[in-house]
Amino acid sequence: QVQLVESGGGLVQAGGSLRLSCATSGRTFSIHVMGWFRQAPGKEREFVGFISRSGSSAYYADSVNGRFTISRDNAKNTVFLQMNSLKTEDTAVYYCAAAPTGSGSYDLRRTYNYWGQGTQVTVSS
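None of these values were measured; they are calculated from a predicted model.

Novice: I tried to follow the nonpolar core on my own but got confused; where do I start?
Specialist: In summary, soluble globular proteins display a tendency toward joint burial of nonpolar side chains. Counting residues in hydrophobic clusters, the biggest one holds 35 residues, and the most contacted among them are Trp 36, Leu 81, Met 83 and Tyr 94. At 6 residues, the largest contribution of residues to this core is made by strand 9 (residues 92-100). When neighbours within four sequence positions are excluded, Leu 81 is seen to be in contact with Leu 18, Arg 19, Leu 20, Trp 36, Val 48, Phe 68, Thr 69, Ile 70 and Tyr 94.

Written out as structure tokens, the structure reads:
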């Protein structure tokens, strides 16, 4: 069992930055691919990015590529989402998720079997 708890959300002006954290429980953190998703009001939950279990590779949705960076600290069982140059359209609840390595397509929600409760990010104009 893996439990995920996000933190770091808040209100920020457009052009600003936020850093989200996702702390996980359990000794299996290092074998999981970690993903970030977001859900805006009235919209489907969408893929933001994911990072490999070692942290050596990360992949991003086109909408955030070049602005967001995912990293992880396996010693602290934590994954991070650094968000820069925020736009109003980045406003959403952000979720971290965990998937066992080899699960398949990591840009799909169904690949992930553990989810956090989400943290709200609001970007004002």
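Novice: For this particular structure, what's the right way to read the state of the cysteines?
Specialist: Covalent bonding between the sulfur atoms of two cysteines is what defines a disulfide. What the rule picks out here adds up to 1 disulfide. Here Cys 22 pairs with Cys 96 through a disulfide, and the sulfurs are 2.0 Å apart. Its torsion about the S-S bond being 55°, the disulfide of Cys 22 and Cys 96 is classed as right-handed. Within this pair, whereas Cys 22 is found in strand 3 (residues 18-24), its partner Cys 96 is found in strand 9, the two being separated by 74 residues in sequence. Exposure class is identical for Cys 22 and Cys 96. Each is buried.

Novice: Mind showing me how you'd approach the pattern of salt bridges here?
Specialist: A side chain with one charge may pair with a side chain of the opposite charge, provided their charged atoms come close. What the rule picks out here adds up to 4 salt bridges. Here Asp 90 makes a salt bridge to Arg 38, at a shortest N to O gap of 2.9 Å. Residue Asp 90 is located in the loop between strand 8 (78-83) and strand 9, and its partner Arg 38 is located in strand 4 (residues 32-39); the two are separated by 52 residues in the primary sequence. In this pair, the class of Asp 90 matches that of Arg 38, namely buried. Put simply, Arg 67 and Asp 90 hold a salt bridge, and the shortest N to O gap is 2.8 Å. Of the two residues, Arg 67 is situated in the loop between strand 6 (58-60) and strand 7 (68-73) and Asp 90 in the loop between strand 8 and strand 9; the sequence distance between them amounts to 23 residues. Each member of the pair, Arg 67 together with Asp 90, is buried. Because the salt bridges share partners, they merge into one network encompassing Arg 38, Glu 46, Arg 67 and Asp 90.

Novice: What is the right way to read the sheet that holds strand 3 from this model?
Specialist: Strand pairing in a sheet is mediated by backbone hydrogen bonds. Such pairs are either parallel or antiparallel. Pairing in this open sheet of 4 strands is antiparallel, and the strands run 1-3-8-7 from one edge to the other. Pairing within the sheet leaves two strands with one partner each, and these edge strands are strand 1 (4-7) and strand 7. Between one strand and the next, the sheet's axes are offset by a mean angle of 15°, whatever the strand orientation. The sheet contact formed by strand 7 and strand 8 spans 6 bridges and is antiparallel.

Novice: Explanation requested: the environment of Asn 77 in the structure shown.
Specialist: Within the element layout of this structure, Asn 77 appears in the loop between strand 7 and strand 8. Separated by 43 residues in sequence, Asn 77 and Gln 120 place their C-alpha atoms 22 Å apart.

Here is what the cut-offs are and how they apply
- Residues numbered from 1 in each chain as written.
- Predicted model: local features only at pLDDT ≥ 70, side-chain atom pairs only at ≥ 80, totals over all residues.
- Heavy atoms only, no water.
- Core = buried A, V, L, I, M, F, W, Y, C linked by side-chain atoms within 4.5 Å.
- Buried < 20%, exposed > 50% of the residue type's maximum accessible area, 1.4 Å probe, protein only.
- Helix = DSSP H or I, 4+ residues; strand = E, 2+ residues; numbered from the N terminus.
- Contact = heavy atoms within 4.5 Å.
- Disulfide = S-S within 2.5 Å.
- Salt bridge = Lys/Arg side-chain N within 4 Å of Asp/Glu carboxyl O.
- Pairing = 2+ DSSP bridges.
- Axes fitted to C-alpha atoms, helices over the stretch in contact; angles between N-to-C directions.

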